[in-house]
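# A closer look at the structure
One letter stands for each residue in the lines below.
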Amino acid sequence: MTSTSLPENDGDWDPALDAVTAAPKHHKVLFENERLRVLEVTLEPNDEEPVHHHQWPSVFVLDQIQGPIHDISPDGVQLPPNRDVIQAVQAWNGKGSLVVHMAPQAAGRVLNASPLTLHGIRIEMKS
């Protein structure tokens, strides 16, 4: 598995890199059962999350976000702005909430290079 590719099997997701375990300052569990996990996600201005992954598809409802937001690989390389949430932020008009359908995410980190705190609720659908 490269730094930007997804594990091939469900058992290949490193539990130590789960978002809640690896980046607890930024991911708070609001609800969890065998089918869903609901996270509150917060990233202060100029803050960078530790390396973590999101193994399940999700819906991310952001009530506060502003670019620039950068994806960073586990080895520190800034990735091109092609991930679903980065493209959605760039296209968003800033009105209401931003809703993004998210695919599972391989290990990486996010840098909030904006002056605004990123805040949202991420609803993960466990498979």
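Fair warning: this is a prediction, and the values are worked out from it, not measured in the lab. (Residues numbered from 1 in each chain as written. Predicted model: local features only at pLDDT ≥ 70, side-chain atom pairs only at ≥ 80, totals over all residues. Heavy atoms only, no water.)

## As for the overall build of the protein
Regarding its fold elements, the protein presents two helices and eight strands. Secondary structure elements of the protein, listed N to C terminal, follow the sequence α-β-β-β-β-β-α-β-β-β. For the protein, the C-alpha radius of gyration of 14 Å lies close to 14 Å, the compact-globule estimate for 127 residues. Going through the 127 residues of the protein one by one, you find that 41% of them count as buried. Sequence separation of 24 or more characterises 73% of the internal contacts of the protein that already satisfy a separation of 6 or more. For the protein, the exposed area adds up to about 6,800 Å²; of that, 54% sits on carbon and sulfur atoms. Of the side chains in the protein, 9 bear a positive and 17 a negative charge, and the two mean positions are spaced by 6 Å. (Helix = DSSP H or I, 4+ residues; strand = E, 2+ residues; numbered from the N terminus. Rg over C-alpha atoms; globule rule 2.2 N^0.38 Å. Buried < 20%, exposed > 50% of the residue type's maximum accessible area, 1.4 Å probe, protein only. Contact = heavy atoms within 4.5 Å. Areas by Shrake-Rupley, 256 points an atom, 1.4 Å probe, with all protein chains shown as cover. Lys, Arg positive; Asp, Glu negative; His and termini not counted. Charge placed at Lys NZ, Arg CZ, Asp CG, Glu CD.)

## Points about the environment of Leu39
Tracing the backbone through its elements, the reader meets Leu39 in strand β2 (residues 36–43). Expressed as a C-alpha distance, the spacing of Leu39 and Arg122, which sit 83 residues apart in the sequence, is 5.1 Å.

## Quick look at the nonpolar core
Leu62, Ile65, Leu98, Val100 and Leu118 are the most contacted members of the largest nonpolar core, which totals 17 residues. Put simply, the parts of the chain that give this core at least two residues each are β2, β4 (58–64), α2 (84–91) and β6 (98–102). Broken down by element, this core gets its largest block of residues, four residues, from α2. Once residues lying within four places of it in the same chain are set aside, the contact partners of Val100 are Ser58, Val59, Phe60, Leu62, Asp84, Val85 and Ala88. (Core = buried A, V, L, I, M, F, W, Y, C linked by side-chain atoms within 4.5 Å.)

## Here we look at the side chain of His26
Inspection of the secondary structure assignment puts His26 in the loop between α1 (19–22) and β1 (27–32). Within the local environment of His26, its side chain forms a polar contact with the side chain of Asp47, the two groups lying 2.9 Å apart. Here His26 is in contact with Glu40, Val41, Thr42, Leu43, Asp47, Glu48, Glu49 and Pro50, once residues within four sequence places are set aside. (Polar contact = N/O pair within 3.5 Å; in protein donor to acceptor, adjacent residues only side chain to side chain.)

## Details of the sheet that holds strand β5 (residues 69–72)
The strand order β3-β7-β5 describes an open sheet built from three strands, whose pairing is antiparallel. At either margin of the open sheet sits one strand with a lone partner, and together these are β3 (52–54) and β5. Averaged over neighbouring strand pairs, the angle between their axes works out to 50° when direction is ignored. Looking at chain direction, β3 and strand β7 (residues 105–112) are connected through two bridges and run antiparallel. (Pairing = 2+ DSSP bridges. Axes fitted to C-alpha atoms, helices over the stretch in contact; angles between N-to-C directions.)

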